[in-house]
Amino acid sequence: MAGRRGGTERVLSKLKSSIENENYYEAHQMYRTLYFRYLGQKKYGELETMLFDGAVLLFSHDEVGSGTDLAKLYVDTLNQSEAGPEEIHFLRISKLYQLIPCDNVDKPVYLSTCLKWSNKDTGSSVGHPRLHQHIAYGLWQNKQYPESRQHFLQSCDGAGCAHMLVEFHQARGFNSELDLFIAQTVLQYLCLKKSLAAATALRVYTEEHPKIKGGPPYPHPLLNFLWFLLLSIQTSQSVSAYTVLCEKYKQFIDRDPQYLEYLDKIGQHFFGVPAPVKPRPGGMFSGLFDQLLNAMNEDSSDDETAGPSVSSGPSGSVRPSQPPKQPSKFEAEDLD
């Protein structure tokens with residue numbers, strides 16, 4: 001044991017000397033030697049700190065290959081030690097991910113390994129939401145807005161996503177796309193069954209975007225569609241209400257053909273719409289309304305009577321013509 005400790009101390013001394021002499025190739029080799037020694041001794045805590053600090057040091061001196069290697073060893077250590085998902089690990093992983101250059105072939109491999117590790121004890125197949133949140137903020141900081149949005153979708157941070165989207169639209173979007181930026185995100189959140197994140201994202205986006213003047217109701221019909229859709233989900237409206245809502249706003253939904261897929265999923269998740277048997281051509285709604293009408297036919301007449309009817313309002317908005325059983329006014333607290 002004394003000999004082993006003495007050998008480790010000699011390697012540490014050599015590592016320190018290599019760093020002082022700016023011999024980073026040799027320093028990298030010393031880090032790898034210590035990795036295997038600490039791993040054998042099960043000194044996981046010391047090893048994790050050493051690898052993280054070493055990777056940051058090597059990246060700071062443009063030793064990208066060596067820094068990336070230590071970053072991967074850091075995640076290997078988390079797996080070897082069976083470390084649970086903890087905030088310190090999320091912070092370190094996201095920091096190292098930011099330091100790996102975008103054109104480095106190991107960057108997606110590193111992230112995939114990290115997300116797989118974070119699945120432990122969460123039941124998630126896509127990675128821990130908190131790790132996705134850290135990655136999203138790092139990408140946002142680097143102005144990688146589309147990539148950031150993808151990770152926000154896998155988190156539960158609808159507010160953070162909305163703030164990012166406001167900046168994204170102002171930096172790179174057209175005025176005519178103001179509603180499209182948030183619409184895609186809200187619908188995708190709903191496809192992932194994250195209705196609270198979707199509602200929060202819509203509320204924060206419309207409150208924070210300087211070109212949206214108040215609401216609801218909003219001056220943009222597509223935003224009103226999202227507002228009514230979220231209200232219908234929150235108040236457990238019938239499939240008939242969902243059908244009429246989609247029909248009334250069809251011309252605005254037509255702006256993005258991909259909305260069909262989203263609305264199919266949302267109808268299945270929240271309104272009992274049957275899954276399509278097979279895709280078929282036919283425009284924006286290709287079989288959506290066939291499915292909705294089939295589901296409506298299966299509803300009892302009592303349920304249909306209780307469901308709200310809607311009529312067209314100014315600027316393509318929709319308003320209930322009769323008060324529903326449950327509150328239909330969409331106030332700020334409904335989205336909290």
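If you're wondering where the values come from, they're calculated on a predicted model, not measured in any experiment.

A. Looking closely at the pattern of salt bridges. The tally for this structure, following the rule as stated, stands at 7 salt bridges. Close ionic contact of R130 with E87 constitutes a salt bridge, the shortest N to O distance being 2.8 Å. Of this pair, R130 sits in helix α7 (residues 129-141) while E87 sits in helix α5 (residues 87-99), placing them 43 residues apart in sequence. We note a salt bridge from D179 to R255, for which the minimum N-O separation is 2.6 Å. Here the residue D179 occupies a position in helix α10 (residues 178-191), and R255 occupies one in the loop between α14 (250-253) and α15 (259-271), the gap between them amounting to 76 residues. By relative accessible area, which is 4% here, D179 ends up buried.

B. Highlighting the packing of aromatic side chains. Summed over all chains, the structure comprises 13 aromatic pairs. With 5.0 Å between their ring centres and 75° between their planes, F168 and F181 make a pair best called edge-to-face. With a gap of 13 residues between them, F168 in helix α9 (residues 158-172) and F181 in helix α10 connect regions that are remote in the sequence. Accessibility assignment for this pair places F168 and F181 in one class, buried. Centroid distance Y249 to F252: 6.2 Å. Interplanar angle 55°. Geometry classified as tilted. Y249 gets classed as buried once you look at its relative accessible area, which sits at 0%. Over the face of the ring belonging to Y97 we find K107, whose NZ or CZ atom lies 4.5 Å from the ring centre.

C. Molecular detail of the packing of α7 against helix α8 (residues 145-154). α8 packs onto α7 with a crossing angle of 165° between their chain directions and a minimal axis gap of 8 Å. Considering the angle they form, α7 stands roughly antiparallel to α8. By crossing handedness, the relation of α7 to α8 is classed as left-handed. Two secondary-structure elements touch here, α7 through P129, H132, I135, A136, Y137, L139 and W140 and α8 through Y145, E147, S148, H151, F152 and Q154. Here the residues of the contact of α7 with α8 sort into 8 nonpolar, 4 polar and 1 charged.

What counts, and where the lines are drawn
Residues numbered from 1 in each chain as written. Predicted model: local features only at pLDDT ≥ 70, side-chain atom pairs only at ≥ 80, totals over all residues. Heavy atoms only, no water. Salt bridge = Lys/Arg side-chain N within 4 Å of Asp/Glu carboxyl O. Helix = DSSP H or I, 4+ residues; strand = E, 2+ residues; numbered from the N terminus. Buried < 20%, exposed > 50% of the residue type's maximum accessible area, 1.4 Å probe, protein only. Phe/Tyr/Trp six-rings, centres within 6.5 Å; stacked < 30°, edge-to-face > 60°. Lys NZ or Arg CZ within 6 Å of the ring centre and 35° of its normal. Axes fitted to C-alpha atoms, helices over the stretch in contact; angles between N-to-C directions. Parallel < 35°, antiparallel > 145°, perpendicular 65-115°, else oblique. Left-handed = near helix turned anticlockwise from the far one by under 90°. Contact = heavy atoms within 4.5 Å. Nonpolar A, V, L, I, M, F, W, Y, C, P; charged D, E, K, R; others polar.

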